[in-house]
Amino acid sequence: MDTLVKKYKESGLWLEQVDVPVPQEGEVLIKIRKTSICGTDVHIYDWNKWAQETIPVPMTIGHEFVGEIVELGKGVKDLKVGDLVSGEGHIVCGKCRNCLAGRRHLCKDTKGVGVNRTGIFSEYVALPVSNIWLCDKSLPEELYSIFDPYGNAAHTALSFEVLGEDVLITGAGPIGIMAAAIAKFSGARYVVITDINDYRLELAKKMGNFRTVNTKRESLKEVMNELGMKEGFDVGMEMSGNGIAFNDMINHMSHGGKIAMLGIQDADTRIDWNKVVFNGLFIKGIYGREMFETWYKMQAMIKAGLDITPVITHRYHYTEFEKGFEVMMSGKSGKVILDWTTKK
């Protein structure tokens, strides 16, 4: 089968032929239909410092997908050949305290698909049945290929009550934009999203009634005055991984404000901890999705009318993967989908 492999310890990916995997006990074999490129995949493609320290080479990468079950491993029940499925990209131990308590998203021994073990940028993949999400076929198939990042957005956006609240989101990447849509869908009063990338701020406008802010040209203080906000933002969602943006958020939170933090900051990022203490701020780290409560809410919101389709901006055949990564790295894209349904 065709697969995209990080074959060498340098920039790029390689289209290779490898054997189709055999599903082991408790696994299903999936024929991949569509995959989506994640920021993590871009780091691996680019071979940055994090990737060099983390990724075993050679390895198939990728973790965002939708596909069809074509074979069941021994002992698999409640699924059948022909089922349309997506899947959780975090494989957990099932034995630690959090796993046993049903908090699998907090497993201390999580392994990432396409990061610590074989990924899904391939024609077929075998995954544990415990990681499989059975898709509702009434929804557009390609949406399921972005359920992983949509899940990051949902986990972040739903961590704190947003009904009637004023929400600030730093970082207008695809996850930040989807989080903005979820916050508005969930009843937030004002949703303000910041970035310095005009393309992505324009993309955010296509997703909903948000106040977009290019912080090179406008200040949050000016925007708050425009909206008639007196005391700061009630809920913050840090999606940028940028220390300046994170500090800007802290400076504009209301007393007792709550921050859900998905963006990964540089190790030397500094904030004014006195503001956190004296303003009574809450900061919650977000990693992945709640398995599978977030997935249930994601599917339910789309069936109830939430539209995230504008965040998908580019589509390529998997043999054109280099074009997909180039547009991702240009900063002028939302989600980029690779189609695996046909060969060229």
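Notes on the structure follow.

1. Here's the deal with the overall build of the protein
In step 1: When helices and strands are counted, the protein shows twelve helices and 18 strands.
In step 2: Over its C-alpha trace the protein gives a radius of gyration of 20 Å, about what one expects of a compact globule, namely 20 Å for 344 residues.
In step 3: Residues counted as buried form 55% of the 344 residues belonging to the protein.
In step 4: Counting contacts in the protein only where the partners sit at least 6 residues apart, residues at least 24 apart contribute 68% of the total.
In step 5: Surface exposure of the protein reaches about 15,600 Å², of which carbon and sulfur atoms provide 49%.
In step 6: Computing the positive centroid from 41 side-chain charges and the negative centroid from 44, the protein places the two 2 Å apart.

2. Description of the side chain of Ser-122
In step 1: Structurally, Ser-122 can be placed in the loop between strand 8 (111-112) and strand 9 (124-128).
In step 2: Look at Ser-122 and you get buried, because its relative accessible area is 2%.
In step 3: For Ser-122, the side chain forms a polar contact with the main-chain oxygen of Tyr-124, separated by 2.7 Å.
In step 4: Sequence-distant contacts of Ser-122, defined by excluding residues within four places in its chain, comprise Met-1, Asp-2, Thr-3, Ile-32, Thr-60 and Trp-340.

3. Description of the pairing of strand 9
Consecutive residues of a regular strand have side chains that alternate between opposite faces of the sheet.
In step 1: Among the five residues that make up strand 9, four are buried, leaving the element largely enclosed by the rest of the structure.
In step 2: Where strand 3 (residues 27-36) and strand 9 come together, five bridges link them in antiparallel fashion. Each bridged residue has a counterpart across the sheet, and for Ile-30 the counterpart in strand 9 is Val-125.

4. Digging into the state of the cysteines
In step 1: For the structure shown, the criterion picks out zero disulfides.
In step 2: Cys-93 provides the cysteine sulfur closest to Cys-107, a residue in no disulfide bond, and the two sulfurs are 3.6 Å apart.
In step 3: Cys-135 carries a free sulfur, and the closest cysteine sulfur to it, the one in Cys-38, is 18 Å from it.
In step 4: A residue is classified by how much of its surface remains accessible, and Cys-135, at 8% relative accessible area, is buried.

5. Some thoughts on the packing of aromatic side chains
In step 1: In this structure the tally under the stated criterion is nine aromatic pairs.
In step 2: Taken together, the ring pairs in this structure connect Trp-133, Tyr-144, Phe-147, Tyr-150, Phe-292 and Trp-295 into an aromatic cluster.
In step 3: The positively charged end of Lys-31 is found above the aromatic ring belonging to Tyr-124, 5.6 Å away from the centroid.

6. Notes on the packing of helix 5 (residues 147-157) against helix 11 (residues 293-303)
In step 1: One can describe the packing of helix 5 onto helix 11 by two numbers: an axis separation of 9 Å at closest approach and a directional angle of 100 degrees. Relative to helix 11, the element helix 5 lies roughly perpendicular. On helix 11, the residues that touch Phe-147, Tyr-150, Gly-151, Ala-154 and His-155 of helix 5 are Thr-294, Trp-295, Met-298, Gln-299, Met-301 and Ile-302.
In step 2: Class assignment for the residues of the contact of helix 5 with helix 11 results in seven nonpolar, four polar and no charged.

7. Brief notes about helix 7 (residues 198-207)
In step 1: Listing the buried residues of helix 7 in full gives Arg-200, Leu-201, Leu-203, Ala-204 and Met-207. Looking straight down helix 7, one finds its buried side chains confined to an arc of 155 degrees; they lie on one side.
In step 2: The distance from a side-chain oxygen at the start of helix 7 to the backbone nitrogen of Tyr-199 is 3.0 Å, and the residue carrying that oxygen is Asn-197.

What counts and how
- Residues numbered from 1 in each chain as written.
- Predicted model: local features only at pLDDT ≥ 70, side-chain atom pairs only at ≥ 80, totals over all residues.
- Heavy atoms only, no water.
- Helix = DSSP H or I, 4+ residues; strand = E, 2+ residues; numbered from the N terminus.
- Rg over C-alpha atoms; globule rule 2.2 N^0.38 Å.
- Buried < 20%, exposed > 50% of the residue type's maximum accessible area, 1.4 Å probe, protein only.
- Contact = heavy atoms within 4.5 Å.
- Areas by Shrake-Rupley, 256 points an atom, 1.4 Å probe, with all protein chains shown as cover.
- Lys, Arg positive; Asp, Glu negative; His and termini not counted.
- Charge placed at Lys NZ, Arg CZ, Asp CG, Glu CD.
- Polar contact = N/O pair within 3.5 Å; in protein donor to acceptor, adjacent residues only side chain to side chain.
- Pairing = 2+ DSSP bridges.
- Disulfide = S-S within 2.5 Å.
- Phe/Tyr/Trp six-rings, centres within 6.5 Å; stacked < 30°, edge-to-face > 60°.
- Lys NZ or Arg CZ within 6 Å of the ring centre and 35° of its normal.
- Axes fitted to C-alpha atoms, helices over the stretch in contact; angles between N-to-C directions.
- Parallel < 35°, antiparallel > 145°, perpendicular 65-115°, else oblique.
- Nonpolar A, V, L, I, M, F, W, Y, C, P; charged D, E, K, R; others polar.
- Arc of directions from axis to C-beta.

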